[in-house]
Amino acid sequence: LSTHLKAFSSNYNIFVIYTKENYRLHMKFDLFAHSLLKHTNAQLHLHIITDKKSEVSVLEILQRKIRKFKRILIYTMYDVKICSEIIQDITDKLLPYFSSSPNSYYSDSLFFLSLGLHRIADKSLDRAILFDCDIVFRSDIRLLFAEFDRFLPHQLFGLAPELTPVYRHILYRYRTRFPKSNFGNPYNPIQLGGKKNNENKLVSSRNRDRHGYPGLNSGVVLMLLNRIRDSKTYIEMLTQFEVNRLVAKYSFKGHLGDQDFFTLLGYEYPNLIYRLDCVWNRQLCTWWKDHGYSNLFDAYFRCEGVIKMYHGNCNTRIPER
Ligand code: UDP
Ligand code: MN
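Below is a short write-up of the structure. (Residues numbered from 1 in each chain as written. Chains lettered and ligands numbered in written order. Predicted model: local features only at pLDDT ≥ 70, side-chain atom pairs only at ≥ 80, totals over all residues. Heavy atoms only, no water.)

Before going further, it helps to spend a moment on the state of the cysteines. Applying the stated criterion across every chain, the model contains two disulfides. Here Cys-278 connects covalently by a disulfide to Cys-303, the sulfurs 2.1 Å from one another. Sign of the S-S torsion, about 95° for the bond between Cys-278 and Cys-303, identifies this disulfide as right-handed. Here the residue Cys-278 occupies a position in the loop between strand 8 (273-275) and strand 9 (282-283), and Cys-303 occupies one in the loop between helix 15 (297-301) and strand 10 (309-311), the gap between them amounting to 25 residues. (Disulfide = S-S within 2.5 Å. Helix = DSSP H or I, 4+ residues; strand = E, 2+ residues; numbered from the N terminus.)

Here it is as structure tokens:
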């Protein structure tokens with residue numbers, strides 16, 4: 001690389017998907033870009049997967065932010081059609097198990113792009129982070145990139161826990177067969193309500209080290225692309241045989257696309273996943289609280305610490321400061 005080109009390279013490779021734009025998505029991406037730039041002065045490289053129609057807004061929003069924050073941004077646009085073709089084989093295998101009906105919200109190849117991003121990104125890219133555009137930054141993105149330094153040698157992806165009981169719900173049959181399983185339980189053991197009698201104390205101290213595995217949320221995904229490209233285990237997990245085996249083992253029928261797969265991958269091969277703290281992906285959706293889980297919901301939803309990134313999933317508003 002000549003020095004001239006080096007001036008226009010970045011260690012901060014950020015992927016976002018922005019397709020089939022509508023007013024709501026437009027507002028989300030505006031806030032995403034605004035909060036991202038507001039909290040960092042790092043040289044960023046944005047990689048945006050988009051379509052012909054949505055691209056116009058992306059460029060307009062980015063121009064506006066560049067002017068406002070007086071900054072240089074490196075960006076690359078990707079055509080979602082081409083990207084979808086690159087990962088078509090993955091989508092075909094996963095769609096039947098990880099989306100509800102053919103026309104439902106998550107039954108689109110765009111919800112599986114994360115699983116094949118190592119094919120889409122240029123071979124020269126190693127560290128990349130994929131964000132939903134309903135993410136809002138409350139801190140410098142450089143701090144999140146620093147989390148890569150904490151990956152163990154076998155870890156490929158970094159994800160934060162899912163903060164709802166959705167996988168408790170989906171794993172209902174599995175959990176009936178294996179009542180002692182911690183899959184689908186909240187990360188922190190459930191504290192039974194009411195008086196804290198001795199018996200309760202006993203239960204919670206015995207379970208103190210046995211935290212639960214609520215599942216993973218894919219609103220923020222750290223990726224070590226070279227390790228993913230070279231991982232025999234990961235590539236094998238995406239074969240039809242392994243997908244069938246996994247789904248059968250957990251009697252799994254999901255509807256949330258890539259994050260269903262990441263969740264199962266995390267159950268089967270916990271070594272592959274670095275566990276990001278919830279403060280990096282503080283989800284806000286409370287849908288499950290009103291759908292049969294009012295008493296358990298808070299145990300899942302709890303996230304202590306200074307929030308670094310909010311995730312306004314299921315169209316939830318981000319709190320004002
Ligand atoms: N997305 C998109 N167009 C759509 C729907 C989704 O580009 O029509 C992208 C966008 O980046 C969004 C991500 O896919 O943030 C995941 O969808 P969403 O955040 O709505 O799912 P949730 O987090 O609410 O489950
Ligand atoms: Mn989201």
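From this point on, the discussion continues.
This next bit is on the packing of helix 2 (residues 23-38) against helix 3 (residues 52-69). Axes are the key here: two packed helices are described by the angle between their axes and the distance separating the axes. Remark: helix 2 packs on helix 3, axes separated minimally by 10 Å, with the N-to-C direction vectors making an angle of 30°. Between helix 2 and helix 3, the interaxial angle falls into the category roughly parallel. Every pair of crossing elements has a handedness; the one defined by helix 2 and helix 3 is right-handed. Facing His-26, Phe-29, Asp-30, Ala-33, His-34, Leu-37 and Lys-38 of helix 2, the residues of helix 3 in contact are Ser-57, Val-58, Glu-60, Ile-61, Leu-62, Arg-64, Lys-65, Lys-68 and Phe-69. Counted by class, the contact of helix 2 with helix 3 contains seven nonpolar, three polar and six charged residues. (Axes fitted to C-alpha atoms, helices over the stretch in contact; angles between N-to-C directions. Parallel < 35°, antiparallel > 145°, perpendicular 65-115°, else oblique. Left-handed = near helix turned anticlockwise from the far one by under 90°. Contact = heavy atoms within 4.5 Å. Nonpolar A, V, L, I, M, F, W, Y, C, P; charged D, E, K, R; others polar.)

Moving on, we come to the sheet that holds strand 3 (residues 74-79). Judged by pairing direction, the sheet is mixed, and its seven strands sit side by side in the order 3-2-1-4-7-6-8 without closing on themselves. For this open sheet the edge positions go to strand 3 and strand 8, each flanked by a neighbour on one side alone. Strand-to-strand twist in this sheet, taken as the mean axis angle between neighbours without regard to direction, amounts to 25°. Of the strand pairs in this sheet, strand 1 (residues 12-18) and strand 2 (residues 44-50) are connected by seven bridges, and their pairing is parallel. In the sheet register, Phe-15 faces strand 2, and the bridge partner there is His-47. Sitting on the sheet, helix 2 is in contact with strand 1, strand 2 and strand 4 (127-131), with an inclination near 170° to strand 1. Docked against the sheet, helix 3 engages strand 1, strand 2 and strand 3, running at close to 160° with respect to strand 2. (Pairing = 2+ DSSP bridges.)

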